[in-house]
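Single-letter residue listing:
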Amino acid sequence: MTGGKFGKILLYLMIAGIVFGIAIGGFFPETGGAIAFIGDFFIGYLKMLVVPLVITSMIAGVTGLGDIRKLGGLGRKTILYYMVTTSISVLIGIILVVIIGPGKADTKEEQLRLRGGFNFSELFYTIEGNEITFKKGQLTKKFDERYMIILKDQNDIRGNIRSNSNEKTIIVSNWVKEDESNHKPVNATPSAKGKGVIFDLSLSNKVIDKQGQTIGETLKDVLLGLAPNNIVRAMAETKILPIIVFSMIFGAILTTLGKQGKPVIDFFIGANETILKFVQLLMLIAPLGIACLIAGKLGAAGGIEKFGLEFKKIAYYAVTVMAGLLIHATIVLPLILKFLAKRNIINYARGMSTALLTALSTASSSATLPVTIKCTEDNNKISPKAAGFVLPLGATINMDGTALYEAVAAIFIAQLYGIDLGTGHLFIIFLTATLAAIGAAGIPEAGLVTMVIVLEAVGLPIEGISMILMIDWFLDRCRTTINVWGDSIGAAFIDAGLESEHKLKMSTT
Ligand code: ASP
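Source: prediction; values computed, not measured.

Conventions adopted
- All residue numbers refer to positions counted from 1 along the written sequence of the respective chain.
- Selection of residues for local features in this predicted model requires a pLDDT of at least 70, selection of side-chain atom pairs for listing and counting requires 80 or more, and totals for whole chains, interfaces and linings are taken over all residues.
- Excluded from the side-chain calculations are hydrogens and water; all other atoms, namely the structure's heavy atoms, are used.
- The helix and strand labels rest on DSSP assignments: H or I over at least four residues marks a helix, E over at least two residues marks a strand, and numbering proceeds from the N terminus.
- Each residue gets one of three labels from its accessible area relative to the maximum for its type: buried under 20%, exposed over 50%, partly exposed in between, using a 1.4 Å probe on protein chains only.
- Contacts between residues were defined by any pair of non-hydrogen atoms, one from each residue, lying within 4.5 Å.
- Throughout, the Shrake-Rupley method with a 1.4 Å probe supplies accessible areas, and for residues the shown protein chains are the sole cover considered.
- One side-chain nitrogen of Lys or Arg within 4 Å of one carboxyl oxygen of Asp or Glu is enough to make a salt bridge.
- We call two strands paired when DSSP finds no fewer than two bridges between them.
- What makes a residue near a molecule or strand is one non-hydrogen atom of that residue sitting within 4 Å of it.
- We call two N or O atoms a polar contact when they sit within 3.5 Å, provided that within protein one can donate a hydrogen and the other can accept it, with sequence-adjacent residues counted only if both atoms are side-chain atoms.
- Residues are sorted three ways: Asp, Glu, Lys and Arg are charged, Ala, Val, Leu, Ile, Met, Phe, Trp, Tyr, Cys and Pro are nonpolar, and all the rest, Gly among them, are polar.
- UniProt positions are given in the numbering used here, feature names are shortened, and annotations may be inferred rather than shown by experiment.
- Each aromatic pair joins two rings of Phe, Tyr and Trp (for Trp, the six-membered one) with centres within 6.5 Å, and gets the label stacked for planes under 30 degrees apart, edge-to-face for over 60, and tilted for any other angle.
- By definition, no residue in a patch forms a salt bridge, and every one has over 30% relative accessible area; like charges are joined within 9 Å, nonpolar side chains (Val, Leu, Ile, Met, Phe, Trp, Tyr) within 5 Å.

S.K.: Go over the overall build of the chain, please, and point to the residues and values.
M.R.: On a plain count of helices and strands, the chain comes out with 19 helices and seven strands. Relative to its 509 residues, the chain shows a buried fraction of 51%. The long-range share in the chain, meaning contacts at least 24 apart out of those at least 6 apart in sequence, stands at 78%. Summed over its atoms, the accessible surface of the chain is roughly 23,600 Å², and 65% of this surface lies on carbon and sulfur atoms.

S.K.: Break down the pattern of salt bridges for me, citing the residues and quoting the values.
M.R.: Inspection of the entire model under this criterion finds seven salt bridges. Asp156 serves as the salt-bridge partner of Lys152, at 2.9 Å between the closest nitrogen and oxygen. Given the relative accessible area of 34%, Asp156 is considered partly exposed. In this structure, Asp378 engages Lys374 in a salt bridge whose closest nitrogen and oxygen atoms are separated by 3.1 Å. On the criterion of helical spacing, the pair formed by Asp378 and Lys374 is a turn pair, its members being four residues apart in helix H14 (residues 365–379). A relative accessible area of 13% means that Lys374 is categorised as buried. Residues participating in the shared-partner salt-bridge network are Asp472, Asp476 and Arg479.

S.K.: Give me the lowdown on the pairing of strand S7 (residues 193–201), citing residues and values where you can.
M.R.: Summarising burial for S7: seven of the nine residues are buried, a large majority. As judged from the six bridges shared by strand S1 (residues 118–128) and S7, these two strands associate in the antiparallel manner. Considered in S7, the bridge of Asn119 is made with Ile198. In terms of strand pairing, strand S3 (residues 147–151) meets S7 through five bridges, oriented antiparallel. Within S7, the residue paired with Ile149 across the bridge is Phe199.

S.K.: Requested: an account of the site of the ligand, with residues and values cited.
M.R.: The local shell around the ligand holds 16 residues, among which Ser365, Thr402, Gly447, Asp476 and Arg479 are the closest. Here a nitrogen atom of the ligand sits 2.9 Å away from a polar atom, N or O, in the main chain of Ala363. One nitrogen or oxygen atom from the main chain of Gly447 is found 2.7 Å from an oxygen atom belonging to the ligand. Within the complex, 100% of the 270 Å² of free accessible area of the ligand lies under protein. Where the shell around the ligand is concerned, the elements lending two or more residues are helix H18 (446–457) and helix H19 (465–508). Element by element, the count of residues in the shell around the ligand is highest for H19, at four residues. When the residues that make up the shell around the ligand are grouped by side-chain class, the tally is six nonpolar, seven polar and three charged.

S.K.: Give me the UniProt feature "transmembrane region" (unreviewed entry) in the chain: which residues, what numbers.
M.R.: UniProt's entry tags residues 9–28, 48–68, 80–100, 240–257, 278–302, 314–336, 426–443 and 449–475 with the feature "transmembrane region" (unreviewed entry), counted in the numbering of this structure. Regarding residues 240–257, the helix share stands at 94% and the strand share at 0%, and the terminal C-alpha atoms are separated by 26 Å.

S.K.: Break down the packing of aromatic side chains for me, citing the residues and quoting the values.
M.R.: Scanning the model with the defined rule gives 12 aromatic pairs in all. Ring geometry for Phe41 against Tyr45: centres 5.6 Å apart, planes inclined by 50°, an arrangement best described as tilted. One end of the pair is Phe41 and the other is Tyr45, both in helix H2 (residues 29–64) and four residues apart, which spans about a single turn. Ring centres of Tyr348 and Trp485 lie 6.3 Å apart, and the angle between their planes is 45°; this geometry places the pair in the tilted category.

S.K.: I'd like a rundown of a nonpolar patch on the surface, residues and numbers included.
M.R.: Taken together, the side chains of Ile327, Ile331, Leu335, Phe339 and Leu340 present a nonpolar region at the surface, about 460 Å² in accessible area. Here Ile327 is to be found in helix H12 (residues 312–340). Take Ile327: its relative accessible area is 31%, and that puts it in the partly exposed class.

S.K.: Report on the pairing of S1, specifying residues and quantitative values.
M.R.: Bridge analysis of S1 against strand S2 (residues 131–134) gives four bridges, and the strand direction is antiparallel. Its bridge partner lying in S2, Tyr125 is registered against Phe134. The antiparallel hairpin formed by S1 and S2 contains two residues in its connecting segment, where Gly129 sits at a positive phi of about 60°.

Here it is in structure tokens:
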């Protein structure tokens, strides 16, 4: 499928599909939306194959190692590879976002606008107790409890909004101002009239409420996630991590059973082959599926025109993430590939191209997994032992791209809100971004969800996520591609290790 002449044709068709998808979705958004279901069908079918594939390839992979004691070394090496590469990628992300500062505003006014605040400098108001009233028709927007009101002309006396029943009257919880000696809020009484009001997000409260999850709790969550009570439910909910651990232990035990285990092992090897053939069939409609997926996504965003009008800052943010991903993908990972796995970089990348394009178009490492396995084994001649072990595990826990993005996004949000992060905070972001990536499922936008872990750990407002939403469908694709690239290089790295072990054994016997 992915090799030879047919593989090449498939690749060209996929690229044509991407161009076609961009053209349709970009210029005829409605048509894009209308054909999106074909893309959903394609991705739905791929997803359907994920659980059986993970189970069979994991068991076939582990049992293929024969001796369970070898698994220890292989397991350690694989985890080490995952940890080192993910840490490097997070570090690249942190350095870039701190240097570039995509969310840093040039002026206070810009800062306010960026985080969704408003400055009504011409607005007249009257105050009675906790009630502030504006002239009818002057305030054109309603504000909820997430906002606070700042009276610019009264030394920044402020109050959190309690209710805003109409566009004329707002009730604040109580008026405070900052104590100059210790910067803590103290009660204040504003004068009855004035002009000029700022509506800003009441950040202080947000930060205080969101400090819930500590690193210890996050670690606990990851650990508890491995024991989902019911393995069938975990399968039904595509919770891959517990399934992987279960299959790994199941496979490991099988290798110790001798004769009794043999038919079971054979069953899983056969089942694995079958699912892989299934994927091969599905790839025949990949170009069409990809075209429709992209057309649908661009269509939903409102076409290329709308997309082009997005914020400058968001563009800087996207560029920062992309630059980080590129550095990791074209420098760090290839160095490992060349010097530790002893492979030709260009050839290896060429062999993986179908998988990388599938990742780009599906934004899901898990959905891409079947293609990733096919490409590494068939095109790049990685042994099924290494591929079967490293890739399924990597598709869920080794996400270099996601980890980098999580760190950049969290720091970007802090910059937008005008929060200065110290080294301690950056270190927590480093740790939690890695964890959040491990915890993210290999499905579209999973990283966006687990980012809450990072934001909460450093007390950043969760609402910040809404600011990066509009570009996330695009960045998701890019980071997923890097996730898959990282996994495939991991397979080469482990394969090289197995090979040298094998040679060593041969020479000593
Ligand atoms: N979509 C990503 C993946 O499947 C996960 C994420 O970053 O959202 O690898």
